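Below, each chain spelled out in residue letters.
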Amino acid sequence: MCSNDKINDNIKVVLDNAMNLVQKSELYDSSYKYNIILCSHTFYNKIDDKLLGIGPSARSRLNNLIIKVRIDPKSNLAFPTFHKECEINLTYLIAHEMIHCLQAKKYGIMKFNPFRHPELWKLEGYPEYISKKPKLSNKDYSLTTEIERYINLENKATDIWISPEDGGCEFPNYYYKGRLMIEYLMDIKHLSYDQILKDSVSEATIFKEMIKWIDGAKKSSVMFPSVQPNRQ
Ligand SMILES: [Zn+2]
């Protein structure tokens, strides 16, 4: 274990909250043990960058969940510097990486590794979906509005990088798009993640279907304003 920051009660609270999110996943495994490695600006981090290139702010490998950037558990923030300097919710970041660990645990490291993995929207969309779950369960949240917001952001973007959250962090668009597609397939179509992984329908086809669903959902909300998509 390497860490520049003292392990204190604040990080315990963050880890408990991340664990509570991950427990909602069908991939959750109570026997799984995570090695959480906090490694901003350490010797280990430099070796890691040399081996795999200077990459994202966190990664998971076997049971190791490696947070490579400066964190402030008290304010529940992490400060990535890759791509651009920004701040991100630390609980979400850890929950996202824990889900990557569980993907590899359930389906095998040969199917989930940096070089070989399912399509990016399936790979990154699911950890995003699980880590953002509290926001998606909020009564003011609307998936149709969120999809329209994504389309708007994508139209305005000049490359694949978009900034879907407060804090200024930018991510390749398949993080946000993937989350919305997973959310649609799980909450509206009631598929499991396992079914989604096995499904061979293309990303473009599902996205088109989702746009059609928005149009239908809008029409029905005009006719039956009380009808809301089924959400748990
Ligand atoms: Zn990821």
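Predicted, not measured: the structure shown is a model, and the values here were computed from it.

A.B. asks: Lay out the sheet that holds strand β4 (residues 70–72) in plain terms, naming residues and giving numbers.
C.D. replies: Pairing is antiparallel across the open sheet formed by three strands, whose spatial order is β4-β5-β6. Across the chains shown, the open sheet's two edge strands, defined by having one partner strand only, are β4 and β6 (88–89). Where β4 and strand β5 (residues 77–79) come together, three bridges link them in antiparallel fashion. Bridge pairing links Asp72 to Leu77 in β5.

A.B. asks: Account for the packing of helix α3 (residues 90–107) against helix α4 (residues 120–131), naming residues and giving values.
C.D. replies: For the pair α3 and α4, interaxial distance at closest approach is 8 Å and the crossing angle is 130°. One element, α3, and the other, α4, form an angle in the oblique class. Both α3 and α4 take part in a crossing whose hand is right-handed. Touching Tyr92, Ala95, His96, Ile99, His100 and Gln103 of α3 are Lys122, Leu123, Glu124, Tyr126, Pro127, Glu128, Ile130 and Ser131, all from α4.

A.B. asks: I'd love a proper account of the environment of Gly167, names of residues and values included.
C.D. replies: Positionally, Gly167 belongs in the loop between β7 (161–162) and β8 (171–172). Separated by 80 residues in the primary sequence, Gly167 and Glu87 place their C-alpha atoms 4.8 Å from one another. When near neighbours in sequence (up to four residues on either side) are disregarded, Gly167 contacts Cys86 and Glu87.

A.B. asks: Tell me what's going on with the coordination of the zinc ion, and back it up with residues and numbers.
C.D. replies: The reference angle at a metal is 109.5 degrees if four donors form a tetrahedron and 90 or 180 degrees if six donors form an octahedron. Protein coordination of the zinc ion is provided by His96 (NE2), His100 (NE2) and Glu124 (OE), with donor distances spanning 2.0 to 2.1 Å. If you list the donors of the zinc ion from N- to C-terminus, the spacing comes out as H-x3-H-x23-E. Here His96 and its partner His100 are both found in helix α3, four residues apart, which amounts to about one turn of the helix. Take His96 and His100: they sit in the same class, and that class is buried.

A.B. asks: Talk me through the packing of aromatic side chains; I want residue IDs and the actual numbers.
C.D. replies: Scanning the entire structure with this criterion turns up nine aromatic pairs. Relative to Tyr193, the ring of Tyr126 lies with its centre 3.9 Å away and its plane at 10°, an arrangement referred to as stacked. Here the residue Tyr126 occupies a position in helix α4, and Tyr193 occupies one in helix α8 (residues 193–198), the gap between them amounting to 67 residues. The pair Tyr126 / Tyr193 is uniform in exposure class, with both members buried. Ring plane angle 85° and centroid distance 5.6 Å describe the contact between Tyr150 and Tyr176, whose orientation is recorded as edge-to-face. A residue pair is termed long-range when its members are at least 10 positions apart, and Tyr150 in helix α6 (residues 143–156) and Tyr176 in helix α7 (residues 174–188) qualify at 26 residues. Neither Tyr150 nor Tyr176 differs from the other in exposure class; each is buried.

A.B. asks: Got a sec to walk through unusual backbone geometry? Specific residues and values, please.
C.D. replies: Backbone geometry at Asn76 places phi at a positive 55°, although glycine is not the residue there. Here Asn76 shows up in the loop between β4 and β5. Unusually for a residue other than glycine, His190 sits at a positive phi of about 60°. Mapped onto the elements, His190 comes out in the loop between α7 and α8.

Conventions and cut-offs
- Residues numbered from 1 in each chain as written.
- Predicted model: local features only at pLDDT ≥ 70, side-chain atom pairs only at ≥ 80, totals over all residues.
- Heavy atoms only, no water.
- Pairing = 2+ DSSP bridges.
- Helix = DSSP H or I, 4+ residues; strand = E, 2+ residues; numbered from the N terminus.
- Axes fitted to C-alpha atoms, helices over the stretch in contact; angles between N-to-C directions.
- Parallel < 35°, antiparallel > 145°, perpendicular 65-115°, else oblique.
- Left-handed = near helix turned anticlockwise from the far one by under 90°.
- Contact = heavy atoms within 4.5 Å.
- Donors = N, O, S within 2.8 Å, 3.2 Å for Na, K, Ca; no water.
- Buried < 20%, exposed > 50% of the residue type's maximum accessible area, 1.4 Å probe, protein only.
- Phe/Tyr/Trp six-rings, centres within 6.5 Å; stacked < 30°, edge-to-face > 60°.

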